[in-house]
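A closer look at the structure
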Amino acid sequence: MSATGNHRGHGHTEVELPKQLVDDDGRPLRTGTLWTASAHIITAVIGSGVLSLAWGVAQLGWAAGPAVMVLFAAVIYYTSTLLAECYRSGDAVVGKRNRTYIDAVRATMGASKERLCTAIQLSNLFGIGIGVTIAASVSMRAIKRAGCFHVRGHKDPCHASTSPYIAVFGVMQIVFSQIPDLDKVWWLSTVAAVMSFSYSAIGISLGIAEIIANGGLRGTLTGVIGAAAGVTKMQKVWRSLQAFGNIAFAYGFSIILLEIQDTIRAGPPSEAKVMKKATAVSVAVTTVVYLLCGCVGYAAFGGGAPDNLLTGFGFYEPFWLLDVANAAVVVHLVGTYQVMSQPVFAYVERRAAAAWPRSALVRARSVRVGPVALAAVSPLQLGWRTAYVCVTTAVAMLLPFFGSVVGLIGAASFWPLTVYFPVEMYIAQRGVARGSARWLLLQALSAGCLAVSVAAAAGSIAGVVDAFKAHNPFCWAC
């Protein structure tokens, strides 16, 4: 019997499978590889965040901008390797699996830290869903505006609201959210990863063309500041801090690392070794793409770099190429939304299945079109996932400020989920002695990243407050 139609613990009825078709935890054989894990990570990472990096480098300047990106990459790679070690408790090959981030916290740090982690992780995944929805709507609106500029000229404001496009994206996600679990999203992640490289390449190419047209590089060592740029010293501080948040958001995948690791087939080599290689490949690739996008964008536009490279209309022509790039962004963000939302869906559905195992609400029913069974869906899955998408869509309509929201989400999730919990779980699992040199270095890393997170959150909140003053969420034509 096929395992596909009988979802593995998300509120569906379990079906006993032949022993050779199950892993050591009794679940259907995982089939993920180094490359599917890398595709999941790239889907989660190279997305809406990459488009804000030119603006981030513009705030920090040539001296600090690239250096900060490389520093964030190094920190996130290191803490991700610590987190990968926590997938199994005890033995790295046959120890008990911690299928989710929250499971790992419970196994190594206890119930109180588990509750704290649950609140932080689910809140941040919810926030990322909002940020992805905003980014997709901005790209959809840009397609309409690019055509308008081409027909009416660049002086026409071509006003358009993001709200209708947010609604369209929400409808698409209601459909895709019925995909059973993250292991079944591999094909969507692969398509999304290809799209991410496509629009990044287009953005970089257009930036290089702009540099050639300008006759040289723009930008300064210290970034945007001064009366000529219309930026006071205090605004420089807030913008620089927001840029830290934007860069942190661009690298944020630790939040779902263990969920991705849970799709990898059993070893040898161990899942942790495969995941470390996937992380190395993904972080290296994304850092190269980020440096190119951020630095080429800043070199092309200098202090005028938009907060979204493909939708800020530093480029107007060729308009059809901008349309292709923004369409690729939308396709990619459909996948990103699912990769980031599936852990939330799974958490609620597993809790419901445990609480009401015999309820009709959690019992899967086949959805058929004629004789073909498309999927097995429970009433809870259909209702809960649809409601979740509707709420993220509604909040995105109220706060459609791409740069500021991205920075705030990145700042809020960076320290607790990317640094604090991985460090503390690694210390507990490996028995690192308190007061030892390794313990002191890990704590220093955690304290430094906390300071960065708090400062970046402050800068992003200032940006959201400033943007909200001029926003009317009920105007669909503004």
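**A short note on the overall build of the protein**
Helices and strands together make up the secondary structure of the protein, namely 13 helices and 4 strands. Expressed as a percentage of its 478 residues, the buried residues of the protein come to 54%. Contacts spanning at least 24 positions in sequence make up 80% of the contacts within the protein whose residues lie at least 6 apart. If you sum the accessible surface of the protein, you get close to 19,400 Å²; carbon and sulfur atoms cover 68% of it.

**Comments concerning the packing of helix α5 (residues 163-176) against helix α10 (residues 319-355)**
Axis separation between α5 and α10 bottoms out at 10 Å; the angle between their running directions is 50 degrees. In this view, α5 runs oblique relative to α10, as classed from their interaxial angle. Considering how the two elements wind past one another, α5 and α10 form a crossing that is right-handed. For the pair α5 and α10, contact is made by Phe169, Met172, Gln173 and Phe176 and by Val330, Leu333, Val334, Tyr337 and Gln338, respectively. Per-class residue counts for the contact of α5 with α10 are 7 nonpolar, 2 polar and no charged.

**Some remarks on the side chain of Gln178**
With respect to the secondary-structure elements, Gln178 resides in the loop between α5 and α6 (186-214). Beyond its immediate chain neighbours, meaning those up to four positions away, Gln178 contacts Val377, Gln381, Leu382, Arg385 and Thr386.

**Some thoughts on the pattern of salt bridges**
Pairing of side chains with opposite charge becomes possible as their charged atoms draw close. Across all of its chains, the model carries 9 salt bridges by this definition. Here Glu271 and Arg88 are joined by a salt bridge, their closest N and O atoms 2.8 Å apart. With Glu271 in helix α9 (residues 271-301) and Arg88 in strand β1 (residues 88-89), this residue pair connects regions lying 183 residues apart in the sequence. Each member of the pair, Glu271 as well as Arg88, is classed as buried. Salt-bridge contacts for Asp103 lead to Arg106; the nearest nitrogen and oxygen are separated by 3.0 Å. Residue Asp103 and its partner Arg106 are both found in helix α3 (residues 101-109); the two are separated by 3 residues, about one turn of the helix. If you follow the salt bridges from partner to partner, you end up with Arg30, Arg99 and Asp262 in one network.

**Quick word on the confidence of the model for the protein**
Confidence in the prediction of the protein, expressed as mean pLDDT, is 81, and 85% of residues score 70 or more. Under a pLDDT of 50 for its full length, residues 1-15 has, in the predicted model, 43 contacts with residues more than four places off or in other chains.

**Re the side chain of Thr418**
Secondary-structure assignment places Thr418 in helix α12 (residues 402-430). Setting aside anything within four residues of it in sequence, one finds Thr418 in contact with Ile76, Thr79, Ser254 and Ser413.

**Some remarks on the packing of helix α2 (residues 53-84) against helix α7 (residues 233-250)**
Two numbers describe how α2 lies on α7: the axes approach to 9 Å, and their chain directions differ by 50 degrees. Relative to α7, the element α2 is oriented oblique. Judged by the sense of rotation from one axis to the other, the crossing of α2 with α7 is right-handed. In contact with Leu53, Trp55, Gly56, Gln59, Leu60, Val68, Met69 and Phe72 of α2, α7 contributes Lys236, Arg239, Ser240, Gln242, Ala243, Phe244, Asn246, Ile247, Ala248 and Ala250. Per-class residue counts for the contact of α2 with α7 are 11 nonpolar, 5 polar and 2 charged.

**Considering α7**
Helix length check: α7, at 18 residues, gives a terminal C-alpha distance of 26 Å against a target of 26 Å (1.5 Å per residue), a fit within 8%. For α7, the set of buried residues is Lys236, Ser240, Gln242, Ala243, Gly245, Asn246, Ile247, Ala248, Phe249 and Ala250.

The rules we used
Residues numbered from 1 in each chain as written. Predicted model: local features only at pLDDT ≥ 70, side-chain atom pairs only at ≥ 80, totals over all residues. Heavy atoms only, no water. Helix = DSSP H or I, 4+ residues; strand = E, 2+ residues; numbered from the N terminus. Buried < 20%, exposed > 50% of the residue type's maximum accessible area, 1.4 Å probe, protein only. Contact = heavy atoms within 4.5 Å. Areas by Shrake-Rupley, 256 points an atom, 1.4 Å probe, with all protein chains shown as cover. Axes fitted to C-alpha atoms, helices over the stretch in contact; angles between N-to-C directions. Parallel < 35°, antiparallel > 145°, perpendicular 65-115°, else oblique. Left-handed = near helix turned anticlockwise from the far one by under 90°. Nonpolar A, V, L, I, M, F, W, Y, C, P; charged D, E, K, R; others polar. Salt bridge = Lys/Arg side-chain N within 4 Å of Asp/Glu carboxyl O. pLDDT = per-residue confidence, 0-100. Expected span 1.5 Å × (residues − 1).

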